[in-house]
Structures are given as C-alpha cells and as structure tokens.
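Given next are the chains, with one letter for each unit.
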Amino acid sequence: MSYVLGLRCRECGRNYPPEVLFVCEYCFGSLEVIYDYARIRKVLTKEKITKRPKNLWRYRELLPLNKEPITGFFSGFTPLIRARNLSAYLGAKEVYLKDDSVSHPTLSFKDRVVAVAISKAKEFGFNTVACASTGNLANAVSAQAAFCGLRSFIFIPADLELAKIVSTLIYGAQVVAVEGSYDEVNRLCAEIASRYHWAFVNINIRPYYAEGSKTFGFEIAEQLNWRLPQHIVVPVAGGSLISKIWKAFQELYKLGFVEKPRTKVYAAQAQGCSPVVTTIKENSEIIKPVRPKTIAKSLAIGNPADGYYAVSVVKESKGWGEEASDEEIVEAMRVLAETEGIFTETAGGVTLAVTKKLLAQKIIPKEESIVICITGNGLKTQDAVIPQLKKLWHIKPTLESFMETLKEHT
Amino acid sequence: MAVKVLIPTPLQKLTGNLPEVEVEGRNIQELVENLEKKFPGMKERLTDEKGKLRRFVNIYVNEEDIRFLQMEKTSLKDGDEVSIIPAIAGG
Ligand SMILES: Cc1ncc(COP(=O)(O)O)c(C=O)c1O
Ligand SMILES: [Zn+2]
C-alpha cells in the first residue's frame, strides 16, 4: 500500500509520476516525493507505530515504497541518549545524542537511505546498483546490495580512508577509485548514469533514497515521547539529511503527532569545506562551491546539491551555521569518547565541535534541549585521531616490568 | 570552433536522445545560444528569465566547474568538452 501521490519539482512545482526521474526537465530542480497526508492520517496513529518492530519501516506509510521492503529490517531505531556527562562538560542542561554510529549493518545513517533506495531499485526492476560516495554511502550500498543479490559499482575519490575502502570491498562490490575530489566523482557518475541502465542511488533514485533520512527525524520525535527538541545540530555534506529531518518534523505535525515545530536547526560543517555555513553567515543568495580540504572526508562535498534547501531550513527555523577546524574536530571526537563512551567518526566530531561553539557564543541557550546528530562511527576514520591518542606502554610479560612502568608514569 | 557537449538524461528528449552533440561557441553564453538554435527549448531550461544560469545547472569545461572559471563568460576553444549536469546528492 503506497500513499505516494507523485513527484514534484522543488523549484517550479511541476508534477511528475513516481518513476525513475530525479530532476525537473524544465528547470533542473530536484524532485520531491509527495504523499497523501489526508489518507495517511486516517490509517496511521502513534500507538500503531509504537507497536511495530524497531526498524525504520515502522514509518513506512511515510516512505515511498509500493511493495514490501527487501532490506533494512535491522536498520534504524538507533539509541537516543540523554548525555549527562557530555551535558556537564558542555555546561548545558539537556543534551541528547541521536546515535547512528551503531546503525545496522554499516555503522552510519546511510543505512537508512540505502534501505529505501535498494528496495525501490528492486521495485523498478534494476539488477545493478551504483553510487558516488565519500565512504559511508559506499559501505551501505555494497552491504545491502550483497544482501539483496544485486550487482554493485561504487565510485569513490581515490584518497578515501582505507577503512572505508575495505568495508566496501568485503561485500564483493566493484569499487572504482577515481583520481579526483568527490565533486569530480559525482560529475563523472552523472555522465555514467546517463549511459547505463543502473540504479545510481544518489542520482536517478535520489528522490526515493533521500526520503530514508526522514526516519532519523521521526525517531528523535518518537524517542522524546512525541516532543521535538528546541535545538538540533546536524552535520551537512550535500544538505539532504538536514532538509529531511525538517521535513520529518513537518510531516509529524501534519499528522497531528507533534506540536508545531519550533526546533531551531543548525548546520555543522568543517572549516575546510563549509559552502553552506558560509552562505548562512554571509546571508548570501548563492552558494559558492569550494574545493574541500578537511579530515572530515565524509562531509567533503564542495558543491552541495541540496545546499539551497539546507540554507532555507536553517533560515526558516531561525537556526544558524558554524564550522569546526580539523583540531576542533579531533578534540570533539575525543571528548565524546571520554565522556559518553561513544566513538564517532570525523563527521560526529564536526557536529559536537560546532555545538560547543554555538553554546559558547550563546546562540544556543544552555538551559534548552539540544539534540546532537551523531551519524557515523569512529572505526572508519581512525587515521584522524591516531596522532592525538595517549602513548602505549610497552612492557615485558613480567609483573616487575608492569610495576616499574606504572611507577614511572604516576 | 566545434565543442563537444555531453547532454544529461533530462535534456536528451530535446536532442533526439543523443547523449553527446557538437556545437559552436566562443564561450558558454554563445554555446547556450547555439544549442538553442539547434535544439529549441534548451535555453529556457538552462537559464532563467534574466538569462542567468539556473542554480541547479552545473556546467563543466574539460572537467572544471565554470564557477571556478569565468562563469558564462568562460571561453571555449576547438576540441573542448563541455558537460551539462544537474546538481547531484551524495554522501
Ligand atoms: C557520517 C555522515 N554524516 C552526515 C552526512 C551528511 O549528509 P548529507 O549529504 O545528507 O548532508 C554524511 C554524508 O555523506 C555522512 O557520511
Ligand atoms: Zn522545475
């Protein structure tokens, strides 16, 4: 049972059927899935959702499938943690972490979007899936394609972290390392996508794929007992997640599940790649693309496709944007690990570092509720933190050696 | 001065399904005008009422984004390759 009415151009409002289409033929605007909320309102209740299995399909009326999902049965419904130690560190009263560093099966929020994209690709009859990726999407697509018996081609910038490459290859995907930045990989993939009949999850399946990110927002609301936080800090690369979290809050409001969203939404980017934050701070009409230079490679998109929507969500919600330097990113990764026992990747470091700055600048008041979006796992970006870690103690396998060393250090 | 232009799927209806066409032009602006002459409808899709490139249209000359060059004034020479691409999500 599908509640999808069709696709609509976000720029000019033209309507399209729910097919393998991704941009408006008239203005190149991106297409957005439109639902019949009146019908969903009749069938969906909070109680019904609460009783369903703890995966992202508990919100399936608000996701764009026609048939049964074929993957993602353990994806989603990650912990929302009341982070008391971190709150104390930040001097803030009510801090929550939405923790997708433990997302099943590939440890990032991309498992959500890919569960929808792969199910949809299969519905459309594709037997090959592909993507351009900064790493996390690569892991998610290759894992879930393997599970669903689809062939996969994964295009990555050649300088990606080894861990992200290994955890793509292991699933049997064909990985193509492109000598260039992510934005160049993306351009190439757009050219490839127009020649081959493949489901490129972030290109020709994009309207459906992007909807998966809404579940991150739905869960936050549900886990806060159908309340919305006063502030939410979101890492931004292409700008899709932040836009979809906002869409999720609006949809829950349309269905009468939450009060009118008053959440202020903040965009977090790395200093070496902050086209969206720069646009927000300069209150500019256009987003200038940049050439990324940051350790936060998962966020290193210099030409953000949904950048304009990210900026407008921030403005509409009266939020703001801030950026973090490489040192601040690593520092924040350590803080999160040392206070809450959570090892996030560089993107999580960006988000926490930005939260800390926004609190320090009193842009976020310290007595109000804040959700920090932790979207990936630190095991994938170990290179970034290694130089900052404590030194090992090397000892002989004797009690004497240990006691000596302990004495030396204390 | 012929330039090779890669046409994205959403515009291939205008080129009779050709993914690649040859067009003349000394710069991007001229190229768009000439594309319009050969394939009517192109111009209004690529540019807004004021003649500025639409914000979701990305144009590359020999793999370089023209926003890093001279935008619509970016000059072209024989044998250059121009790629027109809609903005793409990622991650
Ligand atoms: C860990 C992580 N967080 C956040 C993002 C940002 O997502 P978006 O491109 O939707 O802005 C990405 C994108 O790749 C990511 O890998
Ligand atoms: Zn349009």
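Predicted, not measured: the structure shown is a model, and the values here were computed from it.

> What am I meant to see in the pattern of salt bridges here?
Close approach of charged atoms allows side chains of opposite charge to pair. Counted according to the given criterion, the structure contains 34 salt bridges over all chains. A salt bridge links B:E44 to B:R45; the nearest nitrogen and oxygen atoms lie 3.9 Å apart. Relative accessible area serves as the criterion here: at 9%, B:R45 is assigned to the buried category. Here the salt bridges share partners, and the residues they tie into one network are A:R10, A:E32, A:R206, A:E211, A:K214, A:K244, A:K247, A:E251 and A:D306.

> What is the right way to read the environment of A:K356 from this model?
Residues and elements named next belong to chain A. Looking at the element boundaries, K356 is found in helix α14 (residues 346–360). On the basis of relative accessibility, which here comes to 38%, the residue K356 falls in the partly exposed class. Spatially, the C-alpha atom of K356 lies 8.8 Å from that of A332, the residues being 24 residues apart in sequence. Discounting residues that sit within four places of it in the chain, K356 has contacts with Y89 and L90.

> Is there a simple way to think about the side chain of A:E191 in this case?
Structurally, A:E191 is set in helix α7 (residues 182–193). Using a relative accessible area of 17% as the deciding quantity, one classes A:E191 as buried. One polar contact links A:E191 to B:S83, side chain to side chain, over a distance of 2.6 Å. Beyond its immediate stretch of four places on either side in the chain, A:E191 contacts B:L6, B:S83 and B:I85.

Cut-off values and rules
Residues numbered from 1 in each chain as written. Chains lettered and ligands numbered in written order. Predicted model: local features only at pLDDT ≥ 70, side-chain atom pairs only at ≥ 80, totals over all residues. Heavy atoms only, no water. Salt bridge = Lys/Arg side-chain N within 4 Å of Asp/Glu carboxyl O. Buried < 20%, exposed > 50% of the residue type's maximum accessible area, 1.4 Å probe, protein only. Helix = DSSP H or I, 4+ residues; strand = E, 2+ residues; numbered from the N terminus. Contact = heavy atoms within 4.5 Å. Polar contact = N/O pair within 3.5 Å; in protein donor to acceptor, adjacent residues only side chain to side chain.

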